[in-house]
Amino acid sequence: MTYAITQTCCNDATCVAVCPVNCIHPTPDEPDFGRTEMLYVDPAACIDCGACADACPVDAILPADALAAAGQERYAEINAAFYERGAPRTAPEDGPVFHAWGPPSFARTLPADFAPIRVAVVGTGPAGMYATEDLLLHTGAEVTLIDRLPVAGGLVRYGVAPDHPATKRIGDTFARFHTHPRVRMYLGVDIGTDVTAEELATHHDAVVYAVGAAGDRRLGIPGEELPGSVPAGSFVAWYNAHPEVAPDAVGLSGTARVVVVGTGNVALDAARVLVADPDALASTDIADHALAALRDSAVREVVLLARRGPEDLACTASELLALGRLPGVRLVVDDHDPRIRAAIGAASPADKAALLRDAEHERVDWGAAPGARAGAGERRIVFRFHSAPEEILDGAVRVTGAAGPVAVPAGLVVRAVGYRGVPVAGLPFDEATGTVPHLGGRVEGMLGGYVVGWIKRGPSGGIGANRTCAAETVGSLLADAVDGTLPAPRGTARAFDRLVRGRVRHVVDARGLAAIERAERSRGKESGRPRVKLGTVPELVAAARARRRPLR
């Protein structure tokens, strides 16, 4: 029996570090790391020790013979296919089973006699927490964690779909650093509004900005701002109870068909949530208002619009596989263009397009009401390839087609064409890329300023990609510290504490965050859910102030 990595792989690479036979690839020092959709276990080299499964922070690694029971048997083939395509088989052919480790490397450390540096990390999502982890584990640095929201988590809390609870478990890995003795936490503090970037730098040796990509890319077509058109970022935040998105930001009443523009993982998340059984979602941490709206929803069909063909699907294979396993939901490919069937038929087993062979293929009649063929209870997801949106109308989307423009009726349009970084007060900004200009994570023209995550490299890569991204940035920061190029802070940690608390009335610290955690879990326990999120800033602040006992 061997092990296989499955859908929820976060590319964190913790498994790579513990594998005694080096059978998991790509490794962080290989060129393909961060370029493949997930990591893969080599079935010919795996010795069935289970170390990788024990170390995996998101429970993505399972014994191959247990995959069928979990409905994930296809992942044994996916893992094997990666190596059949010529990926490295590095188990030694002679000598002991265990591979020879290279010499130890300590690329991100400070000399033992180096005075502790004080580093501010702005943002508590994966990028910020990987940078924090690196600093705490490899140096004696003191870290100031800052977030503009009164709760930590970033995209782990507000970006991961509620029906992906295993992926959210990476948050438990990050949470252990919230109460670290060398960490001070200031949640509910907006850098640029409450405290300037200059003031933050004055009180720290270095500042790492991990603020993500809070904006959305635009389609640039007429009607984009109509009331029935919403960016995917807002839709995802809506069903995840983000306090800056109102419960009524998304309207599903009377909407039988939703058009989602895009075929990336976020687009598939949106489609899946819209047609999922609300009773199944009721066991997740989905926002109460979103669950209520979905229970009352008339949505029976979600159309995924793709400018290009099935050979250019932007989603990962694992998310596409999950889409085809939704109970009671038909997966359909609109056969309006002869190139579509040809591309799917010509796809090799390793291509994502091949996963659509089992989908139903039909020429969709857009004049018919959703569910008309199989009755009002039918739910389905339709892929329409080679169809660029030309205009969003009141109640429809005009799209390109092989036979000319087609009007696809829709009560809601979700624009899932990518996120975009927004300017950070006090930092340079590249409008073309939506990122902060940098070199190896060093902000251009700003000594002691660094970036990590999507604001550094653009909105690409999953949770685990931030680990190597953070390693580069922290490496640059520590090199500058050793070289003596970091500006010395003029203010103390105590002075910064006074500054923040003098400006922000309700600062949430680690104890307050633990109180929020208790409150949400208690609410969830009452309804058989992992947690019920507090969805407004006043609710979060009130829960943080109700401190009773340490979180167990």
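This text goes with the structure placed above it.
Residues numbered from 1 in each chain as written. Predicted model: local features only at pLDDT ≥ 70, side-chain atom pairs only at ≥ 80, totals over all residues. Heavy atoms only, no water.

Here we look at the overall build of the protein chain
The criterion, for reference: Numbering of helices and strands runs from the N terminus, with a helix taken as a DSSP run of H or I at least four residues long and a strand as a DSSP run of E at least two residues long. The quantity called the radius of gyration is restricted to C-alpha atoms. Its globule counterpart is 2.2 Å times the number of residues to the power 0.38. Between buried and exposed lies partly exposed: a residue is buried under 20% and exposed over 50% of the maximum accessible area for its type, with that area taken using a 1.4 Å probe on protein chains only. Only heavy atoms matter for contacts: two residues are in contact if any of them lie within 4.5 Å across the pair. Residue exposure ignores everything except the shown protein chains as possible cover, and the areas themselves are Shrake-Rupley values with a 1.4 Å probe. Charged residues are defined narrowly, with Lys and Arg counted positive, Asp and Glu counted negative, and His plus the chain ends left uncounted. In this description, the location of a charge corresponds to atom NZ of lysine, CZ of arginine, CG of aspartate or CD of glutamate.
Within the protein chain, the secondary structure is distributed over 19 helices and 23 strands. Since a compact globule built from 552 residues should have a radius of gyration of about 24 Å, the 24 Å found for the protein chain is in line with a globular shape. With the C-alpha coordinates aligned to their principal axes, the bounding extent of the protein chain is approximately 75 × 65 × 50 Å. Going through the 552 residues of the protein chain one by one, you find that 55% of them count as buried. The contacts of the protein chain with a sequence gap of at least 6 include a subset with a gap of at least 24, amounting to 75%. When the accessible surface of the protein chain is summed, it comes to about 23800 Å², and 52% of that surface belongs to carbon and sulfur atoms. Between the mean site of the 58 positive side-chain charges and the mean site of the 66 negative ones, the protein chain shows a separation of 6 Å.

Quick look at the pairing of strand β11 (residues 257–261)
Note the cut-off: Whether two strands pair depends on DSSP finding at least two bridges between them.
In terms of burial, β11 is largely enclosed, as 5 of its 5 residues are buried. Going residue by residue along β11, you find Arg257, Val259 and Val261 tucked away on one face and Val258 and Val260 tucked away on the opposite face as well. Looking at chain direction, β11 and strand β12 (residues 301–305) are connected through 5 bridges and run parallel. Its bridge partner lying in β12, Val260 is registered against Leu304.

Examining the packing of helix α9 (residues 232–239) against helix α10 (residues 265–275)
Selection rule: Fitting a line to C-alpha atoms yields each axis, with helices limited to the stretch in contact; the angle taken between N-to-C directions then spans 0 to 180 degrees. To sort the angles, those under 35 degrees are grouped as roughly parallel, those over 145 as roughly antiparallel, those from 65 to 115 as roughly perpendicular, and the leftovers as oblique. Two helices cross in a left-handed way if the nearer one is turned anticlockwise from the farther one by less than a right angle. They cross in a right-handed way if the turn is clockwise. Side-chain classes follow a simple rule in which Ala, Val, Leu, Ile, Met, Phe, Trp, Tyr, Cys and Pro form the nonpolar group, Asp, Glu, Lys and Arg form the charged group, and the remainder, Gly included, forms the polar group.
One way to put it is that α9 packs onto α10 with a least axis distance of 10 Å and a crossing angle of 45°. Relative to α10, the element α9 is oriented oblique. Where α9 crosses over α10, the two elements pack in a sense that is left-handed. From α9, Ala232, Phe235, Val236 and Tyr239 reach across to α10, where they touch Val266, Asp269, Ala270, Val273 and Leu274. In the contact of α9 with α10, the residues fall into 8 nonpolar, no polar and 1 charged.

Things to note about the packing of aromatic side chains
This is how it is decided: Centre distance within 6.5 Å is the pairing criterion for rings of Phe, Tyr and Trp, where only the six-membered ring of Trp is used; planes under 30 degrees apart are then read as stacked, over 60 as edge-to-face, and the remainder as tilted.
For the structure shown, the criterion picks out 8 aromatic pairs. Connected via pairs of aromatic rings, a cluster forms that spans Tyr40, Phe82 and Tyr83.

Some points on the side chain of Ser387
Keep this limit in mind: The term polar contact refers here to a pair of N or O atoms within 3.5 Å; inside protein, the definition further demands a hydrogen-donor-capable atom paired with an acceptor-capable atom, and it admits residues adjacent in sequence only when both atoms are side-chain atoms.
Looking at the secondary structure, you find Ser387 in the loop between β15 (379–384) and β16 (389–393). Within the structure, Ser387 has its side chain in polar contact with the side chain of His336 (distance 3.5 Å). Within the structure, the side chain of Ser387 is placed 3.0 Å from the backbone oxygen of Phe385, a separation counted as a polar contact. Apart from the residues within four sequence positions on either side, Ser387 is in contact with Leu305, Ala306, Arg307, His336, Val399 and Thr400.

Considering the pattern of salt bridges
Put simply, the rule is: By salt bridge we mean one thing: a side-chain nitrogen of Lys or Arg within 4 Å of a carboxyl oxygen of Asp or Glu.
Here the structure, examined in full by the defined rule, presents 37 salt bridges. Of the charged contacts, one joins Glu133 and Arg176 as a salt bridge, the two residues approaching to 3.1 Å between their closest N and O atoms. Taken together, the positions of Glu133 in helix α4 (residues 126–138) and Arg176 in the loop between α7 (170–175) and β7 (183–187) put the pair 43 residues apart, joining distant regions of the chain. Accessibility expressed as a relative area gives 11% for Glu133, which makes it buried. For Arg176, a relative accessible area of 49% translates into the label partly exposed. In this structure, Arg148 engages Glu244 in a salt bridge whose closest nitrogen and oxygen atoms are separated by 2.4 Å.

Considerations on the packing of α4 against helix α16 (residues 465–483)
Running from N to C, α4 and α16 point in directions that differ by 50°, and their axes come no closer than 8 Å. It follows that α4 is oblique to α16 by the angle criterion. Helix-helix and strand crossings are classified by hand; for α4 and α16 the assignment is right-handed. On α16, the residues touching Pro126, Ala127, Tyr130, Ala131, Asp134 and Leu135 of α4 are Asn466, Arg467, Ala470, Ala471, Val474 and Leu478. In terms of residue class, the contact of α4 with α16 is built from 9 nonpolar, 1 polar and 2 charged.

Considerations on unusual backbone geometry
Of note, the amide linkage connecting His25 to Pro26 takes the cis form, showing an omega dihedral of -5°. Here Pro26 is to be found in the loop between β2 (24–25) and β3 (40–41). At Asn11, a position not held by glycine, the phi torsion is positive, near 60°. As for its placement among the helices and strands, Asn11 is situated in the loop between β1 (3–5) and α1 (14–18). On the basis of relative accessible area, Asn11 is assigned to the buried category, the value being 12%. One non-glycine residue, Ala241, lies in the positive phi region at around 65°. Topologically, Ala241 is positioned in the loop between α9 and β11.

Here's the deal with the side chain of Glu517
Along the chain, the position of Glu517 falls in helix α18 (residues 510–526). A distance of 2.8 Å separates a polar atom in the side chain of Glu517 from a polar atom in the side chain of Arg531.

Thoughts on the sheet that holds β16
Here 3 strands make up an open sheet; going across it, the order is β16-β17-β18 and the pairing antiparallel. Two strands close off the open sheet at either side, each with one partner strand: β16 and β18 (406–409). Going from strand to strand, the sheet's axes swing by 25° on average, the running direction of each strand aside. Note: β16 against strand β17 (residues 396–399), 4 bridges, orientation antiparallel. Within the sheet, the bridge partner assigned to Pro389 lies in β17 and is Val399.

Some words on α16
Every α-helical turn comprises 3.6 residues, leaving residues that sit three or four positions apart pointing alike. The criterion, for reference: By definition here, a helix of n residues has an expected span of 1.5 Å times n minus one.
In this model, α16 (19 residues) spans 28 Å end to end at C-alpha, consistent with the 27 Å of a helix rising 1.5 Å per residue. Those residues of α16 lying buried are Ala465, Asn466, Cys469, Ala470, Ala471, Thr473, Val474, Ser476, Leu477, Leu478, Asp480 and Ala481. Here the buried face of α16 lies against β5 (118–122), α4, β8 (206–209), β22 (442–443), β23 (449–451) and α15 (454–457). After α16 finishes, the residue Gly484 shows a positive phi value of roughly 80°.

A word on the sheet that holds strand β13 (residues 329–334)
Either a parallel or an antiparallel arrangement is found when strands of a sheet pair, and the pairing is made through backbone hydrogen bonds. Across the sheet, 7 strands lie side by side as β10-β19-β11-β12-β15-β13-β14; this open sheet has parallel pairing. Two strands in the sheet have a free side with no partner beyond their single neighbour: β10 (229–231) and β14 (360–362). Shown here is a sheet whose adjacent strand axes are inclined to one another by a mean of 25°, direction ignored. By the bridge criterion, 5 bridges tie β12 to β15 in an arrangement that is parallel. What sits directly across from Val302, in β15, is Ile381. Strand contacts of α10: β11, β12, β13 and β15, with the helix running at about 170° to β12, the strand carrying the most contacts.

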